[in-house]
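# Descriptive analysis of the structure
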Amino acid sequence: MRVFALIAFVVGLIVAGQTFAQPATFAEVAGPWEGTNMSGTKITLHIEPSGKFTLNSVRGTEKGTAVLKDGTMNFSYFGGQTTMSLNLKEGRLVGTQSVGGRQPQNVFFNRSS
């Protein structure tokens, strides 16, 4: 019975590890991405291997440098009024976006060409 429990635990860890692939570098996610937040706003994001980014939305275009910490990419733009935290999950960038300190909304991006 203990062996079965140990095997189930290890399999659970492997499956959980595949759910969120934590990028070790920005180079792993560099390139263009297209996304939408929960209110349906279209967002395009281009990430450089250095972490520099360009973000386009209905509010305009912003440039900055993201921070990668513990596998989570953190972005701050529009004068710090908007923040976004993203993780790589099954080939997509998923996370939350907070505007003006309001309740964070889910946001997701797919690779674009």
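## Some details on the confidence of the model for the protein chain
On average, residues of the protein chain score 82 in pLDDT, and 81% of them are at 70 or above. Put simply, helix α1 (residues 2-19) is where the protein chain has its lowest mean pLDDT, 43, and strand β2 (residues 42-47) is where it has its highest, 95. Contacts for the low-pLDDT stretch residues 3-19, under 50 throughout, to residues beyond four places or in other chains number three contacts.

## As for the sheet that holds strand β4 (residues 60-65)
Strand order in the open sheet formed by nine strands is β4-β3-β2-β1-β9-β8-β7-β6-β5, and the pairing between neighbours is antiparallel. Pairing within the sheet leaves two strands with one partner each, and these edge strands are β4 and β5 (67-69). Between one strand and the next, the sheet's axes are offset by a mean angle of 25°, whatever the strand orientation. For β5 and strand β6 (residues 72-77), the ladder comprises three bridges, and the chain directions are antiparallel. Considered in β6, the bridge of Lys69 is made with Thr72.

## What about the environment of Ala66?
Mapping Ala66 onto the fold places it in the loop between β4 and β5. By relative accessible area, which is 7% here, Ala66 ends up buried. For the pair formed by Ala66 and Met84, sequence separation is 18 residues and the distance between their alpha carbons is 9.5 Å. Beyond its immediate sequence surroundings of up to four residues, Ala66 is in contact with Phe26, Gly51, Phe53, Asn74 and Phe75.

About the thresholds
- Residues numbered from 1 in each chain as written.
- Predicted model: local features only at pLDDT ≥ 70, side-chain atom pairs only at ≥ 80, totals over all residues.
- Heavy atoms only, no water.
- pLDDT = per-residue confidence, 0-100.
- Helix = DSSP H or I, 4+ residues; strand = E, 2+ residues; numbered from the N terminus.
- Contact = heavy atoms within 4.5 Å.
- Pairing = 2+ DSSP bridges.
- Axes fitted to C-alpha atoms, helices over the stretch in contact; angles between N-to-C directions.
- Buried < 20%, exposed > 50% of the residue type's maximum accessible area, 1.4 Å probe, protein only.

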